[in-house]
There are 2 protein chains.
Amino acid sequence: MTLLPSWVTSANSADTDFPLNNLPYGVFSTDDLSPRCGVAIGDMILDMARAEEEGLVNLNDEALFDVPFWNEVMELGPDTWSSLRARLTEILAEGSPDQAAAAPLLIARADAELHLPFLVSEYTDFYAGRQHAENMGSILRGGPELPANWLHIPIGYNGRASSVVVSGTPITRPLGQIKAPDADAPSFGPSKRLDIELEMGAVVGMGSEFGQPITTEQADEMIFGYVLLNDWSARDIQGWEYQPLGPFQGKAFGTSISPWIVTKEALEPFRTEVPERSKELLPYLAETKPGLYDIDLEVLMRPEGAAKASSIAKTNYSRMYYSAAQQLTHHAVGGCGMNPGDLLGSGTISGPTRAEYGSLMELSWAGREPFTLETGETRGFLEDGDTMTLRGAARGDGYRVGFGDCTGQIQPAVKFP
Amino acid sequence: MTLLPSWVTSANSADTDFPLNNLPYGVFSTDDLSPRCGVAIGDMILDMARAEEEGLVNLNDEALFDVPFWNEVMELGPDTWSSLRARLTEILAEGSPDQAAAAPLLIARADAELHLPFLVSEYTDFYAGRQHAENMGSILRGGPELPANWLHIPIGYNGRASSVVVSGTPITRPLGQIKAPDADAPSFGPSKRLDIELEMGAVVGMGSEFGQPITTEQADEMIFGYVLLNDWSARDIQGWEYQPLGPFQGKAFGTSISPWIVTKEALEPFRTEVPERSKELLPYLAETKPGLYDIDLEVLMRPEGAAKASSIAKTNYSRMYYSAAQQLTHHAVGGCGMNPGDLLGSGTISGPTRAEYGSLMELSWAGREPFTLETGETRGFLEDGDTMTLRGAARGDGYRVGFGDCTGQIQPAVKFP
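Nothing here was measured: the structure is a model prediction, and the numbers come from that model.

Some details on helix H9 (residues 324-332) of chain B
Burial runs high along H9(B): 9 of the 9 residues are buried. Buried positions along H9(B) lie against strand S6 (123-126), strand S7 (156-158), strand S13 (198-204), helix H6 (216-222), strand S14 (223-231) and strand S22 (343-345) of chain B.

This is the structure in structure tokens:
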């Protein structure tokens, strides 16, 4: 596919995350405008509340866009999602008869503050990156053998929706119980092994009924779009708490997402197959179309005061073993009702070489082999003041469908009690 | 404490769950009335929407009770909770000048349908019953040794809020992945080891700030009240999925709660100490007042068509090792923001003898030693059509503060695909 030209000239650059081919959905405010729905186009944001008010967009009789979340649009279902995207493409295309009406509704992105694009109903995190799972096995259990269920189940656990924050929100180093391997008893204090996890987040747009299983086709239809997701992790808290019932407070102090929901439709040209199956999956997890996307991903780190951010890892979403549709199917197949606004973290995305590892745990091999930044500093885990940024984009012919940065800076732990 | 007499005569019986000393909060509807807030008193429900409309209760300028949830009242905080309770006690007390105005606002409980009393924001389940943890160790790992962290951490995991349902809602036997110990690969189908867990649920009424730790005193203040909670569990699905990241679909097909929130204030006379500590807790978990309550609990089972329900276990909430305030403190101390409507399951409550075990897994020792009902039938796990009921009450002098039944009947698995 090639670039679709827009009359918003900044959208026609090969470097923008937001060409007309993308049209991702976010929530923004300015000094004058209360938080509301917007669509990114080049360096601008189309004010959807005003577009609706002016009659440029009219999905149904209710006002949908003068609210600080996209959940109400999600609830209208895939046909409406398609109509909306088609209408927005029409309005913003080069030569559009709507240009004169729409141009005054554009806000410079530089002047806007971005908010969480949707109300997170519940948050689930998966563990679907094979290289990551093997690396964690090697680091924590002495060998890369996968858990016995791993090749059969898209393993996941429920996370904490209240900890999901938009890119730019500071992350406070958490307090918690920590036990050194040679200590008799745990102590309480700030995490010393603070980490990131490079993930994609799938946004569930349409719910499923309590008590009713779903197929992978239904699951794929239910997905509204994708965001970048950083599942901040306190490895020392997690290590002491996670047996036998899984991660809890080691993962509950912050999960950052990028501010724009890139729609499934925008990503459609970049669909790609999951890797070859090592063991045959049970039929309920079989997919009828490629479930992953070819999305380049990058992790950057910038210590406080550093002249520049250093790239520390580059990989691709297609490294995952399970797709979001498979994860969602497994999540709902036992009768767990899903709701619009549910967020599914893919699990940490790591490729086969160290340059592709999506967490500091792997990049520094649990701190035993610190890595060096372009600025000369070394790191095992995160220091106070470090800023971490995730970037991602699918690359078309002369354009990219990007996600915008997903960033967060570490704040020192709170003094307590 | 002794019975507080009410002009609602059924509230003065020693057998009612709902004397004036209780005044629990629920949501009800009738053929004529849409779902709204109500207060149980004897065999009746006080229609709070009408009580507000008539000016009998006036918490603030906004209408609070003509909605199908108590979350808005919770958000007003503990001082308002106290004022409301004091005012309701005044209205419903024997000799109240408000009797004439309030009497027409009473609905017979027998004519009402009960709904979830609050919007469940997020649901967390704990594992704070020592006997239960030891039993599960013996059954699953061959010995009663507790996990290394158990005496230090109130172990918990995030559950699924969308699966929380009100008492009376049917529970469909879930489908999922199951692997027999001697099988090479898992299969997909209905759970064959369906179980219950007898728990109490603490309802968080007041939130905490993202990034900010809380003390046990603050945690106790944040709790609005308690319900009975049945954490339905599919042991075969859970057994195959739970390593390494904890329970997921084995716990996601239904969690039943009793329809009335019994307030913390109503339970105040029944506060009791946690059991003796085997290991000293870290200071952040220390409590300044007794954190548990003396609440008698009972589990009943009724096969489909059986003449009567059989009592299969009796125990007491005071068997728990950790209080809800300790659990909530641990949950929030790393900066996880808590919200009004968050629900915390205590963990399965089991006492020291088999007659006090709070799950079928323990009562039938993983199905190896089926137990016999009063009607002569035997059970290892749940059969389709079985109805399970939890009951609970704190016992005062000539009165009880009860919770109402928490019940659910097992429906056959859905045919799928």
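That was the structure; now back to the text.
Considering the sheet that holds strand S4 (residues 106-108) of chain B
All names here are of chain B. Strand order across the open sheet formed by 5 strands is S4-S3-S2-S1-S5, with antiparallel pairing between neighbours. A strand with exactly one partner marks an edge of an open sheet, and here the two such strands are S4 and strand S5 (113-115). Across the sheet, the mean angle separating the axes of adjacent strands is 50 degrees when strand polarity is ignored. When strand S1 (residues 25-29) meets strand S2 (residues 36-41), the two strands line up antiparallel, connected through 4 bridges. In the sheet register, Phe28 faces S2, and the bridge partner there is Arg36.

Brief notes about the relation of the copies chain B and chain A
Here the two chain copies are tied together by a rotation about an axis and a shift along that axis. The two copies are related by a screw motion: chain B maps onto chain A through a turn of 180 degrees and a shift of 0.0 Å along the axis, at an RMSD of 0.0 Å. A rotation of that kind, with that shift, is consistent with a two-fold axis. Closest approach to the rotation axis among the C-alpha atoms of chain B is made by B:Gly246, whose C-alpha sits 2.1 Å away. Most of the interface of chain B is mirrored in chain A: 100% of its interface residues are interface residues there too.

Re the environment of A:Ala234
Residues and elements named next belong to chain A. One can find Ala234 in strand S15 (residues 233-234). Residue class for Ala234 comes out buried when judged on its relative accessible area of 0%. Excluding residues within four positions of it along the chain, Ala234 makes contact with Pro174, Ser191, Arg193, Leu194, Gly250 and Phe253.

Quick look at the interface of chain B and chain A
Residue-level contacts link 64 residues of chain B with 64 residues of chain A. Regarding the contact of chain B and chain A, the summed buried area is about 5,500 Å², with carbon and sulfur atoms giving 64% of it. Looking at the side of chain B facing chain A, the largest losses of area belong to B:Arg160, B:Leu245 and B:Phe248, adding up to 15% of the total buried there. Between chain B and chain A we count 4 salt bridges in total. Here B:Glu122 ties to A:Arg160 by a salt bridge, and the two come within 3.5 Å at their closest N and O atoms. Partitioning the side of chain B that touches chain A into residue classes produces 35 nonpolar, 25 polar and 4 charged.

Some thoughts on the domain arrangement of chain A
Residue and element names in this part refer to chain A. Entries for chain A in the domain assignment read domain 1 (9-115) and domain 2 (123-411). Distance between the C-alpha centres of domain 1 and domain 2: 28 Å. For the domain 1 face of the interface with domain 2, the top three residues by lost area are Tyr25, Met74 and Trp81, together amounting to 27%. On the surface where domain 1 and domain 2 come into contact, there are 1 salt bridge. Residue Asp17 pairs with Arg400 through a salt bridge whose shortest N-O separation is 2.8 Å. Connecting domain 1 to domain 2 are 6 residue pairs in polar contact (both at pLDDT 80 or more). Within the residue set of the side of domain 1 that touches domain 2, elements represented by two or more residues are strand S1 (25-29), strand S2 (36-41), helix H2 (71-74), helix H3 (78-92) and strand S5 (113-115). Counting residues per element, the side of domain 1 that touches domain 2 draws most heavily on H3, at 4 residues. Its residues placed into classes, the side of domain 1 that touches domain 2 shows 13 nonpolar, 9 polar and 5 charged.

Section: empty space enclosed by the protein
Tallying each qualifying case throughout the model produces 6 cavities of 30 Å³ or more. There is about 70 Å³ of room inside the largest cavity. As for the largest cavity, its lining consists of A:Thr172, A:Arg173, A:Pro174, A:Leu175, A:Phe253, A:Val414, B:Gly211, B:Pro213, B:Val333, B:Gly334 and B:Gly335. The class makeup of the residues in the lining of the largest cavity is 6 nonpolar, 4 polar and 1 charged.

Considerations on the side chain of A:Arg271
Residue and element names in this part refer to chain A. With respect to the helices and strands, Arg271 occurs in strand S18 (residues 271-272). Relative accessible area serves as the criterion here: at 15%, Arg271 is assigned to the buried category. A distance of 2.6 Å separates the side chain of Arg271 from the side chain of Glu268, its partner in a polar contact. Of note is the side chain of Arg271, whose polar atom sits 2.7 Å from the backbone oxygen of Pro290. The residues touching Arg271, leaving out its near neighbours within four places in the chain, are Asp220, Lys264, Lys289, Pro290, Gly291, Leu292 and Tyr293.

Focus on the sheet that holds S5(A)
All names here are of chain A. Spatially, 5 strands are ordered S4-S3-S2-S1-S5 in an open sheet, and the strand pairing comes out antiparallel. The open sheet has two edge strands, strand S4 (106-108) and S5, and neither has a second partner. The average angle at which neighbouring strand axes cross in this sheet is 50 degrees, direction not considered. Sheet strands in contact with H3 are S1, S2 and strand S3 (44-47), and its direction is about 65 degrees off that of S1.

Cut-offs and rules
- Residues numbered from 1 in each chain as written.
- Chains lettered and ligands numbered in written order.
- Predicted model: local features only at pLDDT ≥ 70, side-chain atom pairs only at ≥ 80, totals over all residues.
- Heavy atoms only, no water.
- Buried < 20%, exposed > 50% of the residue type's maximum accessible area, 1.4 Å probe, protein only.
- Helix = DSSP H or I, 4+ residues; strand = E, 2+ residues; numbered from the N terminus.
- Contact = heavy atoms within 4.5 Å.
- Pairing = 2+ DSSP bridges.
- Axes fitted to C-alpha atoms, helices over the stretch in contact; angles between N-to-C directions.
- Least-squares fit on C-alpha atoms with pLDDT ≥ 70 in both.
- Buried area = accessible area lost by both parts, 1.4 Å probe.
- Salt bridge = Lys/Arg side-chain N within 4 Å of Asp/Glu carboxyl O.
- Nonpolar A, V, L, I, M, F, W, Y, C, P; charged D, E, K, R; others polar.
- Domains from an automatic or database assignment.
- Polar contact = N/O pair within 3.5 Å; in protein donor to acceptor, adjacent residues only side chain to side chain.
- 1 Å grid on protein atoms, 1.4 Å probe; cavity = no way out; pocket = protein on both sides within 12 Å on 5 of 7 lines; lining within 4 Å.
- Points joined across faces, edges and corners; volume = space filled by probe spheres on them.

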